[in-house]
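Listed below, chain by chain, are the residues.
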Amino acid sequence: MGKQKLSSKGVQNSGCTKATLWWFYLVAACIKVLLFPSYSSTDFEVHRNWLAVTHSLPLSQWYFDETSPWTLDYPPFFAHFEHFLSMFAHLIDPKIVHLQEGLNYSANTVVYFQRGTVILSDLCLLYGVYRLTRNLDSRKQKLIWLSAIWSPMLFIVDHVHFQYNGFLIGILLISLSYLEEGRDLLGGFFFAVLLCLKHLFAVAAPVYFVYLLRHYCRGGIGRGFTRLLIMGGMVAAVFAAAFGPFFHLGQIQQVIRRLFPFGRGLCHAYWAPNFWVFYIMSDKGLAFILRRLGFNVQTPTATFTAGLVGDSSPFSVLPQVTPLVTFMMVLLALSPCLLKAWKDPKPQMISRWVAYAYTCGFLFGWHVHEKASLHFVIPLAIVAVQTLEDAKHYFLLSIVSCYSLFPLLFEAQEYPIKILLLLLHSILMWSGFSAQFPDGAETARAPTGHHTEKKVDQRKSNGGFVIGWIERMYLIGLVIVEIWGQFLHPLLLGDKLAFAPLMLISIYCALGIMYSWIWQLTFIVKSP
Amino acid sequence: MKGKGTSDTVSVVDGDGNQCCWWWWLVHKGTTTTFLIVGLFALLVRAAVSLHSYSGFANPPKFGDYEAQRHWMEITINLPIQEWYRNSTSNDLSYWGLDYPPLTAYQSFIHGLFLRFVHPESVSLFTSRGHESYLGKLLMRWTVLSSDLLILFPAVLYFVIVRYGQPSRSRKSDIGWHIAMLLLNPCLILIDHGHFQYNCISLGFTIGAVAGVLSGKDLVACVLYCLALNHKQMSAYFAPAFFSHLLGKCLRRKHPLLEVSKLGFYVLGTFAAVWWPYLYSKDSILEVLSRLAPFERGIFEDYVANFWCASSIIFKWKRLFRSESLRILSLTATVITCLPSMIQQIKSPSNRGFLYGLLNCSFAFYLFSFQVHEKSILLPLLPASLLAMEEPFIFKWFMQFAMLSMFPLICRDGLVVPYFALLALFILIFDAPGQQRVKEGNYLYNYLGATTVRLVLFCYFILHIVYLTMNPPEKYPFLFEAIIMNVCFSQFVLVTLGCNIKQWVLNKPTKLEVDKKFI
């Protein structure tokens, strides 16, 4: 399809497209409103406390306050965002922003207000998605909106569990959309802003750095160097706006200490489904075998979730893992992608590269939260409609990563909701992808116009959207894992090995995420 | 929406090149898959609504409908079947005594067993009175969810398959829309999953019965309708329509008498099966019957948008007449208003006319019969939603005012947030972009005129805001309720008048062709 053809039609089409996009957002918003009274994690109180801190205290106290255990540990722009929200919160109910009286406040006003702000801040995601998809054809657009705006993961993490990921990922998408359009300076600007909102997004910084260096700062030494200076100056300005005041106050060390709490362990309380799950499991397995063989293997005293204390290692056989090791592994995993970006910085590939970077960070990073899988699933949703292989990969990945979030909502009340969200997402994706990539028989039935014939031939050779038997077995296994964890385990074993179902989910989902990582890696390496 | 079609023809394999193709991914697999998707979404909405409060939450000593249903479970699983409707030391009928037919009791029994299995304290005799707990609420909610899933959902699927058969390509998205309208009825969701009742069961049976009639399986229809009637006696609102349509059909067959007696046999059989435990003596039957007829109550309760309540600001019916004469008065009024649509169906029974007949008869009952609740609006809403495709404007208009008529009740239950979310969701899905149907070309719309429609809608939103934010003057504490009910009543009268006329116009030969095309 010619781009020109589209753009001429795009003008008259845009009004309708926008209406439909709003429709998607509003329907989702209705469900989100209905979810107001659902369970919310401690993150709800964390964010309420930040509202109170930023509202009641001067800037100089933000990173020092310890009234609540949930101290401010996001970068300054996020604190400013909370400060902005707190002004409205104060109008609605002053108790929300009260430092002491507001502790663990859970009246309807604070619930409605905070949940409402998440819904409104999702507008950022809406804009990002709109920017990325506005030049696509109508059906691809709808599929992307389906998977990004109605993402079950966002529902679970943002609107039940409570966080602002939709807002943050929205900014990432805006940045990616500028890069795809070739407006690198703005793309870099938004990424810098994003880093000052949540520093965990820095995993993709190497990709951004290499890409911008090669794509933006090209064209001879003189021009390249000028551009490098412009970009560097812009990024520096953003960081200065965020951290400058704290630097001026001499608090920069305190801020850094808050942002990077290395006192934490390799794994989060619930093990995120990543590479380290296998590492830990093989350590346990080896220790077991060695003990059987008569070796004297000591049981470690430290745990994986606690920080590094002295020399005690949580591993009994395998070597200790330090933050530096994880950092090096992430970089190593990233290197093929960086090489590609260095050789040929193509704007169409940037979304994949960034998503791949977050996948690496998720798999090999230090103290990874299971929620971090959002950082690559949503950007991958944007590229999922490009080819049939993409669609198949995304279908599996989105289901696995959504399932890996299930332990977040552990109360019985939300059980039907999370199951229904995942089922609805899977069937929508399945139906949508098979409409987008019909198999030979189906296209033959459709009375096609002349201009589509060529396409039909291509699709025929692809064979349509069919899930392979390995993937199918894997998905069935997912159901078995869930049934085991929810029903059979408590029934058969009672309270014994209470951690086993969660561990099983971690291991099983880690397999899927590893598969996705390898798939993405091969795709990137093979891409011309 | 107009510019869309042109660009889509380029990208879409859909030969029609029609404007609705962004629905394509939803509907291209056929009715069952569409139903599955919409059904999952509808379940999700229901599950989300069920997180909210219920009627009588933390409000002793009488609580509300939630406690009533729980109490019935407590009674039915702890007492022998003969004592369910009998006042005794262990069954105090003045405290939420069972006042629905036996099928409701059996349903309570089954649900009670489930509750006892998981959480025995919530249904133990005497001690569980006013029981409220996290788990208790959850289990109760799940019983409604499962009843909905097991009865209403299959009934809707049955109806849609019967109604549309194997649809053409261009109609597929319309069917998806209609399924959504049937399953995402905001009033029903609010009352069942918010307020707490089991209307989905009796309404589900009714939809099944309607589908049975439409597919020509009159005997199935009879059985299903009797089940609905035995779950909630309010289903009798539909009785004149079923009766007249089936009678009209029988009269057109070879042996009318045989056909009628066959139907009668099935009706009696179903009733006998349901009432079996009470058939051992006349007294026990009368005992149950007396519980079902709420004549000791007034002609209307609280504020309901029917004739008696709306006109009571001028005529104080309750003061002017005694209860017995009011009973006769309301019965006469109901019968008179039912008659036109009954006669039409006996004269020329048609599938489409039957649906209109259902709407008109149930409306007659809602507007004029004795002891009507605001929740009874669900009954006329059902045929209106079955007719949504033919009468989209009427359906939307009716739904909006049905919601408004329940608004005071919803406010009491603390369900304002889901009320607005569901109303918005309904309007969003009703007006989903990319549809081809001409929505505004309707006689009611033409009669009212575009300006009036906008004006009424404006008042509609103002009324909500006023009711939520302002306190009524001390002299008239129920002023706002009265205004709301009169506004709703006026719109309901318009809707039913329009539908009565429509039903009679159906007879005209030009319309018959349209009828054939639809069925």
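These numbers come from a predicted model, not from an experiment.

**Q** I'd like to hear about the overall build of chain A, residue by residue, with values.
**A** Helices and strands together make up the secondary structure of chain A, namely 22 helices and zero strands. Residues counted as buried form 55% of the 528 residues belonging to chain A. The contacts in chain A between residues at least 6 apart in sequence include a share of 77% that link residues at least 24 apart. Total accessible area on chain A stands at roughly 22,400 Å², and carbon and sulfur atoms take up 67% of it.

**Q** Which residues make up the overall build of chain B, and what values go with them?
**A** When helices and strands are counted, chain B shows 24 helices and zero strands. Its C-alpha radius of gyration of 23 Å places chain B within 12% of the 24 Å reference for a compact globule of 519 residues. Across its three principal axes, chain B shows a C-alpha extent of roughly 75 × 65 × 50 Å. The buried share of chain B, taken over its 519 residues, is 61%. Summarising the internal contacts of chain B: among those between residues at least 6 apart in sequence, 79% fall at separations of at least 24.

**Q** Explain the confidence of the model for chain A to me, using residue names and the numbers behind them.
**A** All names here are of chain A. Confidence in the prediction of chain A, expressed as mean pLDDT, is 87, and 90% of residues score 70 or more. With pLDDT under 50 throughout, residues 1-12 is counted as low confidence; its partners more than four residues away or in other chains account for twelve contacts. A low-confidence stretch, residues 441-461 (pLDDT under 50), is modelled with 24 contacts involving residues beyond four sequence positions or located in other chains.

**Q** Can you break down unusual backbone geometry residue by residue, with the values?
**A** The peptide bond linking Pro60 of chain B to Pro61 of chain B adopts the cis configuration, its omega dihedral lying at 5 degrees. Secondary-structure assignment places Pro61 of chain B in the loop between α3 (31-49) and α4 (65-78). Positive phi is not limited to glycine here, since Phe162 of chain A has a value of about 90 degrees. Overall, Phe162 of chain A belongs to the buried group, its relative accessible area being 0%. A positive phi is found at His367 of chain A, a non-glycine position, where the angle reads about 50 degrees. Looking at where His367 of chain A falls in the secondary structure, it is placed in the loop between α15 (350-364) and α16 (374-383).

**Q** I'd like a rundown of the UniProt feature "transmembrane region" (unreviewed entry) in chain A, residues and numbers included.
**A** Here the UniProt-annotated "transmembrane region" (unreviewed entry) positions come out as residues 21-40, 112-132, 185-213, 225-247, 321-341, 466-485 and 497-518 of chain A. Between the end C-alpha atoms of residues 225-247 of chain A there is a gap of 28 Å, over a span that is 100% helix and 0% strand.

**Q** I'd love a proper account of the environment of Tyr25 of chain A, names of residues and values included.
**A** Residues and elements named next belong to chain A. Mapped onto the elements of the fold, Tyr25 is located in helix α1 (residues 3-34). Residue Tyr25 is classed as buried on the basis of its relative accessible area, which comes to 5%. Sequence separation between Tyr25 and Leu125 is 100 residues, and the spatial gap between their C-alpha atoms is 9.8 Å. Ignoring anything within four residues of it in the chain, the contact list for Tyr25 reads Ile119, Leu120, Asp122, Leu123, Leu126 and Ile149.

**Q** A description of the pattern of salt bridges should follow, citing residues and the corresponding values.
**A** If the charged atoms of two oppositely charged side chains come close together, the side chains can form a pair. Scanning the model with the defined rule gives 22 salt bridges over all chains in all. Note that Asp122 of chain A and Lys32 of chain A form a salt bridge whose closest N and O atoms lie 2.9 Å from each other. In this pair, Asp122 of chain A is assigned in the loop between α4 (108-121) and α5 (123-133) and Lys32 of chain A in helix α1, connecting sequence segments 90 residues apart. Across this residue pair, the class does not change: Asp122 of chain A and Lys32 of chain A are buried. For the salt bridge of Glu74 of chain B with Arg70 of chain B, the shortest nitrogen-to-oxygen distance reads 3.1 Å. Remark: Arg70 of chain B and Glu74 of chain B occur in helix α4; sequence separation between them is four residues, near one turn of the helix. Assessed through its relative accessible area of 1%, Arg70 of chain B is described here as buried. Salt bridges here are not isolated pairs; linked through shared partners, they connect Arg131, Arg134, Glu181 and Arg183 of chain A.

**Q** Account for a nonpolar patch on the surface, naming residues and giving values.
**A** All names here are of chain A. A surface patch of nonpolar side chains, amounting to about 600 Å² of accessible area, comprises Val479, Ile483, Phe487, Leu488, Leu491 and Leu492. Structurally, Ile483 can be placed in helix α21 (residues 469-492). For Ile483, a relative accessible area of 38% puts it in the partly exposed group.

**Q** Quick rundown of helix α2 (residues 42-56) of chain A? Include the residues and the values.
**A** Residue and element names in this part refer to chain A. Here α2 is 15 residues long and its end C-alpha atoms lie 21 Å apart, about the 21 Å a rise of 1.5 Å per residue gives. Among the 15 residues in α2, twelve count as buried, and that is most of the element. Here α2 has its buried residues at Asp43, Phe44, Glu45, Val46, His47, Arg48, Asn49, Trp50, Leu51, Ala52, Val53 and Thr54. Summarising the contacts, the buried residues of α2 are in contact with α3 (76-92), α4 and α7 (152-162).

**Q** Describe the packing of aromatic side chains, listing the residues and the values that go with them.
**A** Scanning all chains against the criterion turns up 72 aromatic pairs over all chains. Relative to Trp150 of chain A, the ring of Trp23 of chain A has its centre 6.3 Å away and its plane inclined at 45 degrees; by these criteria the two rings are tilted. Taken together, the residues Trp23 of chain A in helix α1 and Trp150 of chain A in the loop between α6 (138-149) and α7 connect sequence positions 127 residues apart. Here the two residues Trp23 of chain A and Trp150 of chain A agree in accessibility, since each one is buried. Geometrically, the ring pair formed by Phe407 of chain B and Phe420 of chain B is edge-to-face, given 5.8 Å between the ring centres and 70 degrees between the ring planes. Residue Phe407 of chain B is located in helix α19 (residues 392-413), and its partner Phe420 of chain B is located in helix α20 (residues 416-430); the two are separated by 13 residues in the primary sequence. According to the relative accessible area criterion, Phe420 of chain B is partly exposed, its value standing at 30%. Clustering of aromatic rings is evident, with ring pairs tying together Phe44, Trp50, Tyr74, Phe78, Phe81, Phe162, Tyr164 and Phe167 of chain A. Positioned over the ring face of Tyr178 of chain A is Arg131 of chain A, at 3.9 Å from the centre of the ring. The ring of Tyr216 of chain A has Arg227 of chain A sitting right over it, with the charged end atom 4.5 Å from the ring centre.

**Q** Go over α3 of chain A, please, and point to the residues and values.
**A** Residue and element names in this part refer to chain A. Helix length check: α3 (17 residues) gives 24 Å between terminal C-alpha atoms against 24 Å at 1.5 Å per residue, within 8%. A maximum bend of about 25 degrees is found in α3 at Ser86. Where α3 is concerned, the buried positions are Pro76, Phe78, Ala79, Phe81, Glu82, Leu85, Ser86 and Ala89. Elements in contact with the buried residues of α3: α2, α4, α8 (165-181), α9 (184-197) and α11 (220-248).

What counts as what
- Residues numbered from 1 in each chain as written.
- Chains lettered and ligands numbered in written order.
- Predicted model: local features only at pLDDT ≥ 70, side-chain atom pairs only at ≥ 80, totals over all residues.
- Heavy atoms only, no water.
- Helix = DSSP H or I, 4+ residues; strand = E, 2+ residues; numbered from the N terminus.
- Buried < 20%, exposed > 50% of the residue type's maximum accessible area, 1.4 Å probe, protein only.
- Contact = heavy atoms within 4.5 Å.
- Areas by Shrake-Rupley, 256 points an atom, 1.4 Å probe, with all protein chains shown as cover.
- Rg over C-alpha atoms; globule rule 2.2 N^0.38 Å.
- pLDDT = per-residue confidence, 0-100.
- UniProt positions renumbered as here; feature names shortened; annotations may be inferred.
- Salt bridge = Lys/Arg side-chain N within 4 Å of Asp/Glu carboxyl O.
- Patch = residues over 30% accessible without salt bridge, like charges linked within 9 Å, V, L, I, M, F, W, Y side chains within 5 Å.
- Expected span 1.5 Å × (residues − 1).
- Phe/Tyr/Trp six-rings, centres within 6.5 Å; stacked < 30°, edge-to-face > 60°.
- Lys NZ or Arg CZ within 6 Å of the ring centre and 35° of its normal.
- Bend = angle between axes of the 7 residues up to and from the residue.

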